[in-house]
Amino acid sequence: MSEALERAVKEIPPKSADLSAWYTAACLKGELVSYSPVRGCVVLRPYGFGLWENLQRELDARFKATGHENAYFPLLIPESLLVKEAEHVEGFAPEVAWVTQGGSEELTERLAIRPTSEAIVGTMYAQWVESYRDLPILINQWANVVRWEKATRPFLRTMEFLWQEGHTAHASAAQAREETLKILDVYRDFAENVAALPVYFGKKSAGERFPGAAETFSIEALMPDGKALQSGTSHDLGQNFARAYDIKFVDADRTIKYAYTTSWGVSWRMLGGLIMAHGDDRGLRIPPKMAPIEAVLIPIVRSNDRRAVEACTSLSARLSDAGFRVRVDARDEQPGWKYSEWDVRGVPVRIEIGPRDVEAQTVVMARRDRDKGEPGQRESIALDDVPTALRETLADIQRSLYAQAKAFLEAHTYVTTGRDEFFDLCRTRAGMVDIAWCERAECEANVKAATAATTRVVRPLAEIGLACVACGEPAKARAYFAQSY
RNA sequence: CGGGGCGUGGCUCAGCUUGGUAGAGCGCUUCGUUCGGGACGAAGAGGUCGCACGUUCAAAUCGUGUCGCCCCGACCA
C-alpha cells in the first residue's frame with residue numbers, strides 16, 4: 001500500500017477497533033452529514049439526503065398502497081393542547097423545546113416545538129370526526145421534530161430529526177390493532193427488503209411503551225457492537241388520546257363512542273442503523289435499493305486519449321434511461337483516488353472504462369460488497385451486457401448485504417435458560433438474548449440495573465409452565481433482552 | 001446531567017510545561033506533465049490559535065467563565 005493511501009485509509013479508523021469512532025468518521029467522510037453550528041443538530045448533505053429520499057420513496061409507496069394519505073400539521077403546538085394526555089406530556093416533558101417569545105412580545109401561552117404530533121393531530125381529528133362514516137382517517141406526515149437530547153450522534157440521536165409519523169383513527173379497537181400491526185409489517189418489510197436490515201419485531205414491554213399508548217410494537221435491529229437499535233415503532237393508542245382530545249363519533253348503533261387511534265414512526269435513525277450494520281473498514285456500504293448512486297462510472301483517460309470520457313457519458317445516458325441511478329466521475333483525479341473515494345461513500349457498483357475497454361467494447365465492473373482481490377469483486381464484461389449485468393449485480397449485492405446482516409443477527413442471538421448465563425450475555429453485549437420472561441416491570445428493572453439491558457420486544461410464549469429465566473417467577477412471554485441505543 | 005478527553009489554515013496535528021505576536025504534512029488555486037487502486041514539478045493563496053473576561057509591557061501559551069465536539073455513564077419512545 002502506498003504511503004498516501006495508508007494515510008487516507010487512516011481517516012476512517014477500523015470498524016472492528018472502535019465502532020463509535022468508525023461510525024462518526026464514516027458519516028462525515030462519506031459526506032452524508034456535517035456538524036452544524038447548532039448543538040446536537042446536523043446538516044444532511046446532498047448524498048445523505050439522497051439516502052433519505054430513497055427511504056421516503058419506498059416507505060411512502062407502501063403507505064399509499066395501504067390506503068394512507070400525506071398531510072402536514074403545524075410545527076408549533078400550544079402548551080394547553082400538549083398537556084391534555086397526562087402520561088404523554090409527562091413522558092415528553094424533559095425533552096420539549098419551547099417558544100416563549102414572538103418578535104419582541106412575550107407569548108401569553110408558550111408553544112412547544114413538536115416532539116411528536118399526537119396533540120395537534122388529535123385536536124384536528126376531533127373536529128373532523130362526527131360519524132363512523134368519517135372513519136377511518138389514515139394520514140401520514142413527513143416532518144421534522146425536536147427533542148432536547150443530552151447526548152447526540154449523527155442519525156442515531158439528534159435534537160432535530162426527520163421522520164414520518166402516521167396518525168390514524170378507527171371506529172373499533174380491532175381495526176386500530178389491525179392498523180398497528182399492518183404498519184409494523186410495513187416497517188419490517190422495508191427494513192429487511194430495502195435497508196437490508198434483518199429485524200426482530202413484536203410488542204414492547206410496559207416499561208418501554210410510548211407514553212400514553214395502550215400498546216407499542218417495534219422492529220429492532222442488531223448493531224455490530226451487540227447493541228439493539230429500535231428502528232421503527234407502531235403504537236396502538238387505544239382510546240387514550242381520543243379521550244384526551246375528544247375524538248368522538250356516532251356509531252352505527254347510534255351511540256357516541258371515542259375513536260381508537262394509532263400512531264407510528266420511522267426516523268432517519270434507520271439510516272444510522274443501515275450505516276453501522278453494513279459498513280466496513282473502507283467506509284460505507286449502501287444497499288443498492290437505498291443508494292443515491294447505484295453505480296459510478298469512472299473513465300480512465302490518457303493525455304492523448306479521452307475517448308473513455310465519451311464512453312462513460314454515453315453509457316451513463318443509456319443506464320439512466322433504463323432507470324438506474326448513475327453518475328460519471330470525470331474529475332481530473334487519479335483513478336485510484338476516485339475508487340477510494342467512492343468506496344468510502346459506499347456506492348454499490350463501480351464501472352471503469354479505460355482505453356483498453358474502449359478498444360474491446362468492454363467495461364470493468366467492481367462491486368463494493370466484496371473485498372479487493374476477492375473472487376468476482378472486479379470483472380470485465382461486454383459493453384452491451386452492462387444494463388443486464390448491473391441489474392443482476394445490484395440485486396445480488398442487496399441480497400448479500402442482507403445475508404451478511406442476517407448471519408450476524410443469528411450468530412448473536414442466544415436462547416438461554418440459565419440465569420447466570422443470561423445476565424452474562426446481557427452484561428457483555430453479546431447480542432439479542434432470548435428468554436422466557438415473567439413480564440414484570442420489577443424484573444425488567446432488576447435486569448437493567450444489573451446489566452444495562454432491557455427487553456427489546458416481547459412475543460407470545462409457546463410452551464406452558466416455564467419459569468422466568470431472569471427471576472424465577474412464572475413466565476408469561478418470550479422476550480429478547482439487549483442493551484440498546 | 002455526572003466522570004474523562006479535546007477545540008491552532010479545509011483536514012490531521014506540532015507549538016503551550018519555561019508568555020515575546022504561528023508552523024508542518026495533506027488539501028486548495030494556476031500552469032504543465034500524468035492517469036487500469038489515493039501521481040509529479042513549478043509558482044501561489046489561506047489562520048486575530050472556539051468565544052469572552054482577567055493577569056501581564058506582552059497571551060495560542062497562565063487564570064476564570066462560556067460554547068461546541070468526542071468517549072463512558074445516567075436519562076431518553
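The preceding data block contains the structure.
What you see is a predicted model; the values in this text were computed from it and never measured.

(A) A look at the pattern of salt bridges. On inspection of all chains with the given rule, the structure shows 39 salt bridges. For aspartate 371, the salt bridge identified is with arginine 282, shortest N-O distance 3.9 Å. In this pair, aspartate 371 is assigned in the loop between strand 18 (362–367) and strand 19 (378–382) and arginine 282 in the loop between helix 9 (269–278) and strand 15 (295–299), connecting sequence segments 89 residues apart. On the basis of relative accessible area, aspartate 371 is assigned to the partly exposed category, the value being 44%. Sharing partners across several salt bridges, the network here consists of Asp280, Arg282, Asp343, Arg350, Glu352, Arg368, Asp371 and Arg378.

(B) Quick look at the layout of surface pockets. Of the volumes computed, that of the largest pocket is approximately 1200 Å³. Lining the largest pocket are 48 residues, and of these Arg147, Arg157, Gln230, Arg269 and Tyr485 lie nearest its centre. If you list the elements that add at least two residues to the lining of the largest pocket, you get helix 5 (86–92), strand 8 (160–170), strand 11 (228–236), strand 14 (260–267), helix 9, helix 15 (441–451) and strand 22 (454–460). A total of seven residues in the lining of the largest pocket trace back to one element, the largest contributor, which is strand 11.

(C) Summary view of the packing of aromatic side chains. Across all of its chains, the model carries 14 aromatic pairs by this definition. Between the aromatic rings of phenylalanine 241 and tyrosine 245, the centroid separation amounts to 6.3 Å while the plane-to-plane angle is 10°, which identifies the pairing as stacked. Here phenylalanine 241 pairs with tyrosine 245, and both are found in helix 8 (residues 240–245), just four residues apart, close to one helical turn. We note that phenylalanine 241, like tyrosine 245, is buried. Where tryptophan 437 meets phenylalanine 481, the ring centres are 5.7 Å apart and the plane angle is 85°; that geometry is what we call edge-to-face. Of this pair, tryptophan 437 sits in strand 21 (residues 432–437) while phenylalanine 481 sits in strand 23 (residues 477–482); the two residues are 44 residues apart in sequence, bridging distant segments of the chain. Like phenylalanine 481, tryptophan 437 is buried. Put simply, the rings of Trp52, Phe63, Trp142, Tyr187 and Trp264 pair up and form one aromatic cluster. For lysine 227, the ring lying beneath its charged end belongs to tyrosine 485, and the centroid distance is 4.5 Å.

Definitions and limits used
- Residues numbered from 1 in each chain as written.
- Chains lettered and ligands numbered in written order.
- Predicted model: local features only at pLDDT ≥ 70, side-chain atom pairs only at ≥ 80, totals over all residues.
- Heavy atoms only, no water.
- Salt bridge = Lys/Arg side-chain N within 4 Å of Asp/Glu carboxyl O.
- Helix = DSSP H or I, 4+ residues; strand = E, 2+ residues; numbered from the N terminus.
- Buried < 20%, exposed > 50% of the residue type's maximum accessible area, 1.4 Å probe, protein only.
- 1 Å grid on protein atoms, 1.4 Å probe; cavity = no way out; pocket = protein on both sides within 12 Å on 5 of 7 lines; lining within 4 Å.
- Points joined across faces, edges and corners; volume = space filled by probe spheres on them.
- Phe/Tyr/Trp six-rings, centres within 6.5 Å; stacked < 30°, edge-to-face > 60°.
- Lys NZ or Arg CZ within 6 Å of the ring centre and 35° of its normal.

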